[in-house]
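Each chain, written out:
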Amino acid sequence: MIREVIVTTRAPDGRIHIAPMGVHEAGGLKMLAPFRPSTTLDNVLATRCAVVNYCDDVRIFAGCLTARYDWPTLPVDHLSCRRLAAANGKPR
Ligand SMILES: Cc1cc2nc3c(=O)[nH]c(=O)nc-3n(C[C@H](O)[C@H](O)[C@H](O)COP(=O)(O)O)c2cc1C
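Residues numbered from 1 in each chain as written. Predicted model: local features only at pLDDT ≥ 70, side-chain atom pairs only at ≥ 80, totals over all residues. Heavy atoms only, no water.

1. Observations regarding unusual backbone geometry
Residues Arg-36 and Pro-37 are joined by a peptide bond in cis, for which omega reads 10 degrees. Residue placement: Pro-37 occurs in the loop between strand E3 (29-32) and helix H1 (39-47). A positive phi angle is found at His-78, which is not glycine, with a value near 70 degrees. Within the secondary structure, His-78 is located in the loop between strand E5 (73-75) and strand E6 (82-84). Take His-78: its relative accessible area is 85%, and that puts it in the exposed class. (Helix = DSSP H or I, 4+ residues; strand = E, 2+ residues; numbered from the N terminus. Buried < 20%, exposed > 50% of the residue type's maximum accessible area, 1.4 Å probe, protein only.)

Shown next, in the form of structure tokens:
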């Protein structure tokens, strides 16, 4: 199954990056397939961290397509990157 989600990552300088992405779910695993090149891939390789945000706020998906990225984020325990404040439920 592929779910459309918002992936949040953090650049080495601390900037949070937000990108809509399809996450493949199979056998209890989640697999991201970021384009090469992409900021998301650069950030994941640099920080080894990404948050998969299940989100039903279509304004955020649309905002990413119209260059609006200033959506509120929150810290996540034990992770260096942040999650969307509008994400559904607890981060997994
Ligand atoms: C609904 C939707 C699904 C997307 N799925 C992917 C994806 O699976 N992999 C990917 O690299 N980009 C995907 N994109 C494009 C990314 O959001 C992004 O624009 C592009 O990968 C550039 O990434 P960057 O912002 O990290 O540089 C998707 C965009 C939309 C709107």
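So much for the structure itself; the text now carries on.
2. Looking at the pairing of strand E2 (residues 16-26)
By the bridge criterion, 9 bridges tie strand E1 (residues 2-10) to E2 in an arrangement that is antiparallel. Paired with Ile-6 across the bridge in E2 is Pro-20. The turn joining E1 and E2, which pair antiparallel and follow one another in sequence, is formed by 5 residues; a positive phi near 100 degrees is taken by Gly-14. Pairing analysis gives 4 bridges linking E2 to E3, with the strands arranged antiparallel. Looking at the pairing, Val-23 lines up with Leu-32 of E3. Hairpin connection, E2 to E3: the antiparallel pair is bridged by 2 residues, and Gly-27 has positive phi, about 55 degrees. (Pairing = 2+ DSSP bridges.)

3. Some points on helix H2 (residues 58-65)
Here H2 has its buried residues at Ile-60, Phe-61, Gly-63 and Cys-64. Projected down its long axis, H2 carries its buried residues within an arc of 160 degrees, all on one side. What points out from H2, more than 90 degrees from its buried face, is the exposed set Val-58, Arg-59 and Leu-65. Residues of H2 that are buried sit in contact with E1, E2 and E6. (Arc of directions from axis to C-beta. Contact = heavy atoms within 4.5 Å.)

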